[in-house]
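Structural overview for review
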Amino acid sequence: MKLQARLLLSYLLLIGVTLSVIVAILLFALGTRPAPPLALYRQLISNLQVGLRSLNLEELVGGAWPPTGELSDHWLHSLAEATDVRVLLIDLSEPPRVRFDSSSLLEAAAPLQLRRDVAVNSLLPLPGRGRPEIIAGSFREADDTEWLFIGLPPGRPRAANHALVLASPRPRQSLGEALNEFGAALGAPLLQAALAGALAAIVLSLAVSRTIAGPLQQIAGAARAIARGEHDQRVSVSGPPEMQDVATAFNQMSSEVQATQQAQKDFLVNVSHDLRTPLTSIQGYSQAIIDGAAQDAVAAARVVHEEAGRLNRMVTGISDLARLQDPRLTPALEALDVGGIIDGVVKRLAVVADAQQVTLEQRCDALPTLRGDGDRLVQVMTNLLDNAIRFTPAGGEVRVSAGEKDRGVEIRIVDNGAGIPPEDLPRVFERFFQVDRARGPRRGSGLGLAIAREIVQAHGGKIHARSEGPGKGSTFTVWLPLAGPAATSNGEGVA
């Protein structure tokens, strides 16, 4: 199912759920809504008329009630049975108190808080002589039951200020009655809201799907192009922030893929030449030895041996890099004397520096012990110093210094040699990349710095390169934590 259809269905579902909740709340509110009181008042008066008629007391409706003392309990019970409702005699003094309750729910002299409605005798006319005053309203009992009542005061004189009250529980309006009362009024607005919501859902789904699906389709097309070998693909960064993040990440990935592919192409070209040169020498000199044409067989064999060693070092570098990039491998940790490691490497490469007439200086402070793989750190120092010596002309100098910094050890290798062009500086730690692309004795395989980076990162450290440009020398800085390997987000940098 396409994104647009999914969005439309989700919006319609959301609107449907919202309307359903609104309808459910309305139905609940209407279903629990108290019934209108006017109809119950009329019913109570009708019950009163029937009861008085059955007691042959209909003429009392005109107001000629017996004196209060003559409203006996027996008479009130008879009226309750005849009217089939609750009958009370209330003392209207403040606060009102119960004098009689046919249901025996309230004790005599119990206070009763009456809430009166407006005078309703004009709305509830009584037949008979005169028109007695009617009081109407409601009261609540201790159990929170609401009762509606009508009351008629007794005959004159009202010395005791009593009222005869007929009461009935206030019923709740049934759901059917509520729907009959409000269905026509609520149905049309709800239907209109549903139609408006559906139209809004269609418009929103079209707009949102176009905003999201457009960049996604562009990214999908660019990804297919990369799969076909077109590694220069880039997409426009547009749309919501999340889509912009995806587009930015895709462009970064495309740039890295392109750089990796170019580096691999350069590596194949470089390695093919590096392999061909020693192989040609090995083949030529060995054939001369076999044919007896070599004037100095020992010298020829020495050339064969040196070229074979060169091939071995190249294969070893490739193998080391592959092993270092395996996430399952961890360095063998032990307590290391970093100063001793640096001193040993400097002494071993001093001969190489003297042969190239390069001054090699060392200045190291007292260094703390750190945990790491000694053989691998020797490899890092050897690669960095060998590069510095190899790319420093005769008469130049290479300085090695080390000191404690930021709960770790910082090692700096500074030379005044060939330097690094600004455009190459960000790529010096890439696999197979070589700053000096010329064929010659200084040219390597492009693996030394990549191997050094992998080893430093495996130790939880960082490695940086800095250069002011060609002919202005280079500075390589290695920082290793005292606590040993730890996860780092970025173990390399340039300056």
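For the structure, check the block above.
Predicted model only: the values in this text are computed from it and were never measured.

Points about the overall build of the chain
Tallying secondary structure elements over the chain gives 9 helices and 14 strands in all. Counting only residues that meet the buried cut, the chain has 38% of its 495 residues in that class. Counted over contacts in the chain with a minimum sequence separation of 6, partners at least 24 positions apart contribute 66%. Of the accessible surface of the chain, which amounts to about 27,400 Å², a share of 57% is contributed by carbon and sulfur atoms.

Observations regarding the pairing of strand β1 (residues 86-91)
Along any regular strand the residues' side chains alternate between the sheet's two faces. The element β1 is largely enclosed, with a buried count of 6 among its 6 residues. Two elements, β1 and strand β6 (residues 162-169), share 6 bridges in a ladder whose sense is antiparallel. Looking across to β6, one finds that L88 is bridged to V165. Both β1 and strand β2 (residues 97-101) contribute to a ladder of 4 bridges, which runs antiparallel. Counted as the bridge partner of L89 is F100 from β2. Hairpin connection from β1 to β2: 5 residues lie between these consecutive antiparallel strands.

Things to note about the sheet that holds β2
Reading across from one edge, β2-β1-β6-β5-β4-β3 is the order of the 6 strands in this open sheet, with antiparallel pairing throughout. Each edge of the open sheet carries a strand with a single partner, namely β2 and β3 (115-116). Pairing analysis gives 6 bridges linking strand β5 (residues 146-152) to β6, with the strands arranged antiparallel. Within the sheet, the bridge partner assigned to L148 lies in β6 and is S168. Helix-sheet contacts for helix α3 (residues 73-83) involve β1, β2 and β6, and the interaxial angle to β1 is about 140°.

Digging into unusual backbone geometry
Phi angles above zero are rare outside glycine, and S104 is one such case at about 60°. With respect to the secondary-structure elements, S104 resides in the loop between β2 and β3. Taking the relative accessible area as the measure of exposure, S104 reaches 60% and is therefore exposed.

Considering the pattern of salt bridges
In this structure the tally under the stated criterion is 10 salt bridges. Residues K347 and D343 are paired through a salt bridge, measuring 3.2 Å at the closest nitrogen-oxygen approach. A residue pair is termed a helical-turn pair when its members lie 3 or 4 positions apart in one helix, as K347 and D343 do in helix α7 (residues 338-355) at 4 residues. With a relative accessible area of 56%, K347 lands in the exposed category.

Some thoughts on the side chain of T477
Relative to the helices and strands, T477 resides in strand β13 (residues 474-481). Not counting chain neighbours up to four residues away, the residues in contact with T477 comprise E410, I411, R412, K462, I463 and H464.

Quick look at the packing of aromatic side chains
Overall, the coordinates contain 3 aromatic pairs when judged by the stated rule. Arranged with centres 6.2 Å apart and planes meeting at 35°, the rings of F139 and F149 form a pair that is tilted. Placement of F139 in strand β4 (residues 135-140) and of F149 in strand β5 is noted, with a sequence separation of 10 residues between them. By relative accessible area, which is 0% here, F149 ends up buried. Residues F429 and F476 carry aromatic rings whose centres are separated by 6.2 Å and whose planes lie at 80° to one another, so their mutual orientation is edge-to-face.

A word on the environment of S286
Positionally, S286 belongs in helix α5 (residues 241-291). Along the chain, S286 and A297 lie 11 residues apart, while their C-alpha atoms are 9.3 Å from each other.

Digging into the pairing of strand β11 (residues 408-415)
Burial analysis of β11 places 7 of its 8 residues in the buried class, the great majority of the element. Of the pairings in the sheet, the one linking strand β10 (residues 397-405) to β11 comprises 8 bridges and is antiparallel in character. The partner of A402 across the bridge, within β11, is I411. Looking at chain direction, β11 and β13 are connected through 8 bridges and run antiparallel. Within β13, the position partnered with I413 by the bridge is F476.

Things to note about the nonpolar core
In this structure, I342 and L385 are the most contacted members of the largest nonpolar core, which totals 40 residues. Of all elements in the fold, only α7, α8 (374-390), β10, β11, α9 (448-458), β12 (462-467) and β13 reach the threshold of two or more residues within this core. Residue contacts for I342: discarding those within four places in its chain leaves Q362, C364, L367, M381, V400, A402 and I411. Listed in part, the 19 residues of the second largest apolar core include Y41, L76, V85 and L89.

As for α3
Of all the residues in α3, the buried ones are W75, L76, S78, L79, A80 and T83. Two residues or fewer past α3, D84 is found with a positive phi of approximately 60°.

What to know about α8
Relative to the 24 Å expected for 17 residues at 1.5 Å per residue, α8 spans 24 Å between its end C-alpha atoms, a close match to the ideal helical length. Of all the 17 residues making up α8, 12 are buried; the element is thus mostly covered by neighbouring parts of the structure. All of the buried residues in α8 are G374, L377, Q379, V380, M381, N383, L384, L385, N387, A388, I389 and R390. In this structure D373 caps α8, since a side-chain oxygen of it lies 3.2 Å from the backbone nitrogen of D375.

Side note on the packing of α7 against α8
Close contact between α7 and α8 brings their axes to 10 Å; oriented N to C, the two are set at 35°. Like other packed secondary-structure pairs, α7 and α8 cross with a definite hand, here right-handed. Residues I341, I342, V345, V346, R348, L349, V352 and A353 of α7 pack against G374, V378, M381, T382, L385, D386 and I389 of α8.

Points about the side chain of S102
Inspection of the secondary structure puts S102 in the loop between β2 and β3. Classification of S102 as buried rests on a relative accessible area of 18%. Excluding its chain neighbours within four sequence positions, the residues that come into contact with S102 are H77, A80, V85, R86 and V87.

How each quantity is defined
Residues numbered from 1 in each chain as written. Predicted model: local features only at pLDDT ≥ 70, side-chain atom pairs only at ≥ 80, totals over all residues. Heavy atoms only, no water. Helix = DSSP H or I, 4+ residues; strand = E, 2+ residues; numbered from the N terminus. Buried < 20%, exposed > 50% of the residue type's maximum accessible area, 1.4 Å probe, protein only. Contact = heavy atoms within 4.5 Å. Areas by Shrake-Rupley, 256 points an atom, 1.4 Å probe, with all protein chains shown as cover. Pairing = 2+ DSSP bridges. Axes fitted to C-alpha atoms, helices over the stretch in contact; angles between N-to-C directions. Salt bridge = Lys/Arg side-chain N within 4 Å of Asp/Glu carboxyl O. Phe/Tyr/Trp six-rings, centres within 6.5 Å; stacked < 30°, edge-to-face > 60°. Core = buried A, V, L, I, M, F, W, Y, C linked by side-chain atoms within 4.5 Å. Expected span 1.5 Å × (residues − 1). Polar contact = N/O pair within 3.5 Å; in protein donor to acceptor, adjacent residues only side chain to side chain. Left-handed = near helix turned anticlockwise from the far one by under 90°.

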